[in-house]
Each structure stands twice: as C-alpha cells, then as structure tokens.
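Residues per chain, in single letters:
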Amino acid sequence: MDLSGKNYKAFIERQEALKKQYSPANAEKQHSKGKLTARERINLLFDSGSFEEIDTFVTPAQQTVEFGKLERTYGDGVIVGHGKINGRLVFAYSQDFTVMGGSLGLVHAKKIAKIQEMALKMGAPIIGMMDSGGARIQEGVASLSGYAAIFHNIINSSGIIPQLCVIMGPAAGGAVYSPALCDFVFMVNRTSYMFVTGPNVVKEVLNEEISSEELGGAEVHGRKSGVAHMIYEDEENTIMALKKFLAYLPSNNVENPPVHADDGSTPDINEKLRDIVPDDPNKAYDVKDVINLIIDRNSFFETAELYAPNLVTGFARLKGKTIGIVANQPKVLAGVLDIDSSTKGARFIRFCDAFNIPILTLEDVPGFLPGKDQEHSGIIRHGAKLLFAYSEASVP
Ligand code: HXC
C-alpha cells in the first residue's frame, strides 16, 4: 500500500473525522440521559474484537439537497455489521441518537436493509438497537420508502432467522414498527419509550397532557400493551440478558438450538409435586415452582412476565436442550384464559414451532374468561389464535 498516496491521506482524514463524530461531548449527551452510545452498545453486545462494521463512511442522502444546518456525518446515524456473540455469528444495527436524533433517512435505511438481507442470506439472527425519532422529516417520503424496505425484509425473514429488537431511547413514529414485527422486544426501564405519536401530538389532537413515560414507557409496554417482552433496569443488564436469551435459540429455522451441558439434576419430581400442587382444585399454587422442578437448574427464561401473567411462557432447558414452556398460572385469575393470554400464548407457540423448539404445556385451567368485556373485545377471534397456533405446530 502506498502510505504517502492521496487515497491513504483521504482515508486517514476520514478516520480522524469519524473519531471527532464519536467525541466525548456527544458521548456525554447520551450518558447524561443514562444511555450508552451506539458504539458502546455494539462493543458490549459482541465478543471482544469480533465486530466487523460495514458502510462506515457513507453520508446522508440529503447532503446534496439544500436545507438547514446539516453537518457532514459519516455513517448516517446508524452502525451496522456482524460479529460473534458467545462464538456465534450475529448481525446487528445500532442507531445513533446524537446524529439527527437517530432519525431514519434513506441511506440510514439502506444500511439497515442491507444488513438484514445479509443476515437472511447467512441464516444468522439479527438484533436492532433502537434509539430514534422515527422517519427523518427533512428527507420526506424517501424516509418512508426506507421504512417500507426494512419492514418488508423483517416480514420476509420472519420464521427463518430470529429477529430481536432492543429499545434504548425513543422509538417514535415509524421506528415502532420494526420492533412490532420482530420476534422479541427488549426495553430499558425509564430511558426508553415507544409511541406512534408523541405527547405533543396527543396534546394537540386530544388536548390531553401525558408524559413520554406514561404514554409509552417500558412499564406500559411490558404490562399493558404487551409490546415489550423483557424489561431491565439499565442498558448493560439488558444487553447481558439479550446475550443469555440468544443462547436458547437456533441461528435459523433449519438448525436446532445449541445444546448446553446436562446439569445432571434429577429431582424427585413425584415427591415434590405433591407439596406444590394442592389436592384441593380450588386452591392456588405457583406454576413456576412446578416449572423449576422439571427443568435444568436455573434455566427458565420467562418471556412477557408482566403481560397476561395468568399464562406463563418462556424458554428453559431439559437435559441441556431448549424447550418452550406454556403454562396456565393458577396463582393469577385462577389461570383463566382471556384475550391477552390467548394472544401471548399463540405468538410464543408460533415462534417455537418456526424454530424447532419443542413445547411443554402445563395445563390447569378453568376455561375461557366469561363476560361482556371479553366477548365484546373479541375473545372468540383472539382465543382462536391460540387454538390455531397449537393445531398448526409440528414440533414435539
Ligand atoms: C429529524 C429529528 C427527528 C426526526 C428528532 N430529531 N427526531 N430530526 N427527523 N424524526 C432531531 C431533533 O431535531 C434534534 O436535533 C435531535 O434530533 C434531538 O431531538 P430532541 O427533540 O432534542 O430530543 P428529545 O427531547 O430527547 O426528544 C426526542 C423525540 C423528539 C421524542 C424523539 O425529538 C420527537 O418527538 N421527534 C419527532 C418524532 C416524530 O414525530 N417522529 C415521527 C416521524 S414520521 P438538534 O439539531 O436540535 O439536536 C414517521 C412516520 C413513519 O416516523 C411511518 C412509517 C409507517
């Protein structure tokens, strides 16, 4: 390589400009809000030194268009690439809120779409770390076409590779629909929020005052809307949990999940079950005690713990192999099936079926919840989803 040449000099200049872009001042903007930078998140997620970034030096599409105080930015507000997580190939993108609020312009979108297509081709999971104000207003309809490409890719890959999203700041406007189409959504408590229209629009249209947290914080999406499956207190713990979660899943729909060492536990199930499950069918008990009795020690990873807790779902290991668990929870509403638990169970079962994960069902259910509310809100329509999912499933 000619180290004195023009190209090399330009390369060094670009590297220097990139370093400035990831300046301590920009990092401080994130840290002051209790958030990490896009690059810190990537570094935490991947095995050390394994991440290969692509399209680092692309620049925003609208640079050629006259408008505002746009500065030259490399990467267009998103880091994309691939690397290893616990030794397995994974693709990821990480939005950078310090570049135009992580908003999605055309080039930003093309980078995400490209990495999605690479993940599908390689049969490897993809993780999106979201921190974005939605469609980049300045780029108008070009941003919307960018979203169309991203959504199309998610749908195309659905059931073929696991697709996970982590919300690490705002996910506003179009930014909410990538997570919604993905398999599992992680949120960070108090620093992340998701809404189609924000508090300002709510105020203008409905004349209602509401904070971002009340409208679309992690608590709301974990407990009420069911959009978020897993919630953690800070970004470090969220990323650690995500890595642990990934270890239950296969890389794609033609592989089996990784097998872990058999922990050798052989509990005396019959004896202990007698202590947990009461003779009186009207007495409640915690089905999670039963789950923990059956599975490998400490291997239960519950999904959507806060949403519809009358049905428990999650992954576990039996003799080192991943299984999915669906269990009525007699401790909550006597384990009755309602609309929320039906849709929760159906979605989980369909994921297991797509990814070769056997399902263990623990059934102790008084039936579907009676009443006007449930009937009028469509228990027939939503309950049918649970029947459909079980009937369609071809895993053991
Ligand atoms: C361009 C944006 C932006 C966007 C934020 N920014 N969102 N730039 N397009 N969508 C910029 C801000 O102008 C600001 O730039 C910087 O990012 C940081 O934003 P702040 O507002 O200072 O941050 P904060 O107070 O934390 O608020 C974050 C926010 C808010 C809640 C996300 O910025 C916001 O409400 N943004 C607009 C959200 C929105 O309406 N999105 C919908 C887009 S339409 P400076 O230069 O001042 O630092 C859409 C439809 C898609 O997405 C439909 C697809 C199906």
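Refer to the structure printed above.
All of the points below concern the structure found in this document. Numbers given for residues are sequential positions, taken from 1 along each chain in its written order. Selection of residues for local features in this predicted model requires a pLDDT of at least 70, selection of side-chain atom pairs for listing and counting requires 80 or more, and totals for whole chains, interfaces and linings are taken over all residues. In computing side-chain values, all of the structure's heavy atoms are included and hydrogens and water are not.

### Notes on the pairing of strand β6 (residues 184–188)
The two faces of the sheet receive side chains in turn, since in a regular strand these alternate between them. Within β6, 5 of the 5 residues are buried, which leaves it mostly tucked inside the rest of the structure. The buried label goes to any residue with under 20% of its type's maximum accessible area, the exposed label to any with over 50%, and the partly exposed label to all in between, with areas taken from a 1.4 Å probe on protein chains only. Strands here mean DSSP runs of E at least two residues long; helices mean DSSP runs of H or I at least four residues long; both are numbered from the N terminus. Alternating residues of β6 divide into Phe184, Phe186 and Val188 and Val185 and Met187, and every residue in both groups is buried. Examined bridge by bridge, strand β5 (residues 163–172) and β6 share 4 bridges and lie parallel to one another. Among the inter-strand pairings, Ile167 is bridged to a residue of β6, identified as Met187. Any two strands are treated as partners once DSSP identifies two or more bridges connecting them. Summarising the sheet, β6 and strand β8 (residues 230–232) pair through 3 bridges and their orientation is parallel. Opposite Val188, over in β8, you have Tyr232 as the bridge partner.

### Concerning the layout of surface pockets
Space inside and on the surface of the protein is sampled on a 1 Å grid over the protein atoms alone, with a cavity defined as a set of points where a 1.4 Å probe fits but cannot get out and a pocket as an open set with protein on both sides within 12 Å along at least 5 of 7 lines; lining residues have an atom within 4 Å of a point. Grid points are joined across faces, edges and corners, and a volume is the space filled by probe spheres set on the points. For the largest pocket, the calculated volume is near 770 Å³. What lines the largest pocket is a set of 30 residues, and nearest its centre among them are Asp183, Thr343, Ala346, Arg347 and Phe348. Of all the secondary-structure elements, those providing two or more residues to the lining of the largest pocket are α6 (177–181), β6, α13 (339–354) and α15 (379–392). With 9 residues, the top contributor of residues to the lining of the largest pocket is α13.

### Regarding the site of the ligand
The full set close to the ligand counts 16 residues, and Gly101, Gly133, Ala135, Gln138 and Gly174 are the nearest of them. Identification of polar contacts relies on pairs of N or O atoms within 3.5 Å, with a donor-acceptor requirement for protein atoms, meaning one able to donate a hydrogen and the other able to accept it, and with residues adjacent in sequence counted only if both atoms are side-chain atoms. Within the contact set of the ligand, an oxygen atom lies 3.0 Å away from a backbone nitrogen or oxygen of Gly101. For the ligand, a nitrogen atom lies 2.9 Å from a polar atom in the backbone of Ala135. Note on areas: Shrake-Rupley with a 1.4 Å probe; residue coverage comes only from the protein chains shown. Taken by itself the ligand offers 1000 Å² of open surface, and the protein chains cover 52% of this. Here the residues of the shell around the ligand sort into 7 nonpolar, 7 polar and 2 charged. Any residue with a heavy atom lying within 4 Å of a molecule or strand is counted as near it. Polar here means any residue outside two lists: the nonpolar Ala, Val, Leu, Ile, Met, Phe, Trp, Tyr, Cys and Pro, and the charged Asp, Glu, Lys and Arg; Gly therefore counts as polar.

### Side note on the nonpolar core
Remark: nonpolar core denotes a set of buried residues (Ala, Val, Leu, Ile, Met, Phe, Trp, Tyr, Cys) joined through side-chain atoms within 4.5 Å. Grouped together as the largest cluster of nonpolar side chains are 40 residues, with contacts concentrated most on Leu45, Phe46, Ile127, Met129, Phe184, Phe245 and Phe315. Ranked by residues supplied to this core, first place goes to α13 with 5 residues. Excluding its chain neighbours within four sequence positions, the residues that come into contact with Leu45 are Ile85, Ala92, Ile127, Met129, Ile239, Leu242 and Lys243. Counting 29 residues, the second-largest nonpolar core is a separate cluster that includes Val78, Ile115, Ala119 and Met187. Two residues qualify as a contact provided that any one of their heavy atoms is within 4.5 Å of a heavy atom in the partner residue.

### Points about the sheet that holds strand β9 (residues 301–303)
Here 4 strands make up an open sheet; going across it, the order is β9-β10-β11-β12 and the pairing mixed. Edge positions in the open sheet fall to β9 and β12 (359–362), since each of these has one partner strand only. Neighbour-to-neighbour, the strand axes of the sheet open up by a mean angle of 25°, direction not taken into account. Here 8 bridges tie strand β10 (residues 311–318) to strand β11 (residues 321–328), and the two strands are oriented antiparallel to one another. The partner of Ala316 across the bridge, within β11, is Ile323. Here an axis means a line fitted to C-alpha atoms, over the contact stretch when the element is a helix, while the angle between two N-to-C directions is reported on a 0 to 180 degree scale.

### Side note on the packing of aromatic side chains
Each Phe, Tyr or Trp ring (for Trp, its six-membered ring) is paired with any other whose centre lies within 6.5 Å, and the angle between the two planes then decides the class: stacked below 30 degrees, edge-to-face above 60, tilted in between. Here the structure, examined in full by the defined rule, presents 18 aromatic pairs. Ring geometry for Tyr147 against Phe151: centres 5.3 Å apart, planes inclined by 20°, an arrangement best described as stacked. With a gap of 4 residues between them, Tyr147 and Phe151 both fall in helix α5 (residues 141–157), about one helical turn apart. Note on accessibility: Tyr147 and Phe151 belong to one class, buried. One residue, Arg14, lies across the ring of Phe57, its end atom 4.6 Å from the ring centre. Positioned above the aromatic ring of Tyr22 is the side chain of Arg39, whose terminal nitrogen or guanidinium carbon lies 4.7 Å from the ring centre. Two thresholds decide whether a charge sits over a ring: the Lys NZ or Arg CZ must be within 6 Å of the ring centre and within 35 degrees of the ring normal.

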